[in-house]
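Report on the structure
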Amino acid sequence: MNETPLPGLSRRTLFAGASGLALVALVGCSGDSESDAKPGPSPSSSAATDPNVTMVATSVVSSLQVFAEPDDLDAAGGEGAEQLVLNRADEASGDIVLLALDVGSAWLHVQLPVRPNGTTGYVRARDVRLSSHTFAMEIALADHELVVTEGGEEVMRTPVGVGTTDRPTPGGGYYIKELLQPPDPNGVYGPYAYGLSGYSNVLTEFAGGAGVIGVHGTNEPELVGTEVSSGCIRVANDQITALVEDIGLPLGTPVTIRA
């Protein structure tokens, strides 16, 4: 049985796309400890020079304006010039989490959790808080393998199930945008599900959702290591539990999916 992709990860589409399955967003799992939180827009000197450090931006406003270029932030007072607006109310977790690609004194260049995959934009520095971590995830589709590193050192290597030929897992660079907990740990999503910033290239709309790609547990562990899903990454339940409870993989972790 092929599972449906994680459905849009909004309060409205979560329930429709999961056939009534309620996924509970977990808060406080983004690695934003008091020591990690950045009081200003500039990363520390070590974060700016260490290739293993990832900067994460979390919205502190309910509606986050995103601009196509830095100059647009001040155009017409910022009104009417935005590329799009992201709303915290649309997220199951109530947080808008973005991968910071570049940090300026007044703006941040960020990767966005929208179609098309890999879309970027600019947000005001005052509208977000910064945190940092050194985690990364890489998924090799041909090898059916997931590797997680911390500070460049491997902390997990595990087999995964991936998308089928007609509903493939899209390659590219993404990041973890939220962590969800299904009410039934033995269900189709297992005990935990990470929602990524990427979407299926085949399923533009499916079962009431937007075809968001996720990394989650499974109720069919015998199919891990095969092409079985509708685009999501299936991981054995003990491994996804270890990622959440033992390793503490934070939101904003960059995820590279390779063919």
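Everything numeric here is computed off the predicted structure, so don't read it as measured data.

1. Concerning the pairing of strand S2 (residues 54–59)
Counting buried positions along S2 gives six out of six residues, so the element sits mostly inside the fold. The two faces of S2 match: Thr 54, Val 56 and Thr 58 on one face and Met 55, Ala 57 and Ser 59 on the other face are all buried. Note: S2 against strand S8 (residues 128–133), six bridges, orientation antiparallel. From the neighbouring strand, Val 56 faces S8, where its bridge partner is Ser 131.

2. A few points about the side chain of Lys 177
With respect to the helices and strands, Lys 177 occurs in strand S13 (residues 172–181). Of note is the side chain of Lys 177, whose polar atom sits 3.1 Å from the side chain of Glu 91.

3. Digging into the packing of aromatic side chains
In this structure the tally under the stated criterion is one aromatic pair. Geometrically, the ring pair formed by Trp 107 and Tyr 122 is edge-to-face, given 5.3 Å between the ring centres and 75° between the ring planes. Of this pair, Trp 107 sits in strand S6 (residues 107–111) while Tyr 122 is found in strand S7 (residues 120–124), placing the two residues 15 residues apart along the sequence.

4. Some words on the sheet that holds strand S5 (residues 97–103)
Read from one edge of the open sheet, five strands run S7-S6-S5-S2-S8, paired in antiparallel fashion. Here the strands that pair on one side only, and so sit at the sheet edges, are S7 and S8. For this sheet, the mean angle separating the axes of adjacent strands, direction not counted, is 45°.

5. Some details on helix H3 (residues 237–247)
Those residues of H3 lying buried are Ile 240, Ala 242, Leu 243 and Val 244. Summarising the contacts, the buried residues of H3 are in contact with strand S9 (135–140), strand S10 (145–150), strand S11 (153–159), S13, strand S14 (193–199) and strand S15 (212–216). Downstream of H3 by one or two residues, Gly 248 has phi in the positive range, about 70°.

6. Let's talk about the nonpolar core
Met 137, Ile 139, Leu 146, Tyr 194, Val 215 and Ile 233 are the most contacted members of the largest nonpolar core, which has 29 residues in total. Breaking this core down by element, the ones donating at least two residues are S9, S10, S13, S14, S15, H3 and strand S18 (254–258). For this core, the element with the most residues is H3, which contributes four residues. Apart from residues no more than four positions distant in its own chain, Leu 146 is found in contact with Met 137, Glu 138, Ile 139, Met 156, Arg 157, Thr 158, Val 160, Val 215, Ile 233 and Val 235. In this structure, Ala 57, Leu 99, Ala 125 and Val 128 belong to the second largest nonpolar core, which totals 18 residues.

7. So, the confidence of the model for the protein
Per-residue pLDDT for the protein averages 83, and the proportion of residues at 70 or more is 77%. Between residues 1–22, whose pLDDT stays under 50, and residues either more than four places distant or in other chains, the model counts 82 contacts. Taken together, the stretch residues 27–46 has pLDDT below 50 and engages in 33 contacts with residues farther than four places along the chain or on a different chain.

8. Side note on the pattern of salt bridges
Scanning the entire structure with this criterion turns up six salt bridges. Here Arg 234 ties to Glu 220 by a salt bridge, and the two come within 2.9 Å at their closest N and O atoms. Of this pair, Arg 234 sits in strand S17 (residues 233–234) while Glu 220 sits in the loop between S15 and strand S16 (227–229), and the two are 14 residues apart along the sequence. Each member of the salt-bridge network shares a partner with another, and the members are Glu 145, Glu 154 and Arg 157.

The rules behind each value
- Residues numbered from 1 in each chain as written.
- Predicted model: local features only at pLDDT ≥ 70, side-chain atom pairs only at ≥ 80, totals over all residues.
- Heavy atoms only, no water.
- Buried < 20%, exposed > 50% of the residue type's maximum accessible area, 1.4 Å probe, protein only.
- Helix = DSSP H or I, 4+ residues; strand = E, 2+ residues; numbered from the N terminus.
- Pairing = 2+ DSSP bridges.
- Polar contact = N/O pair within 3.5 Å; in protein donor to acceptor, adjacent residues only side chain to side chain.
- Phe/Tyr/Trp six-rings, centres within 6.5 Å; stacked < 30°, edge-to-face > 60°.
- Axes fitted to C-alpha atoms, helices over the stretch in contact; angles between N-to-C directions.
- Contact = heavy atoms within 4.5 Å.
- Core = buried A, V, L, I, M, F, W, Y, C linked by side-chain atoms within 4.5 Å.
- pLDDT = per-residue confidence, 0-100.
- Salt bridge = Lys/Arg side-chain N within 4 Å of Asp/Glu carboxyl O.

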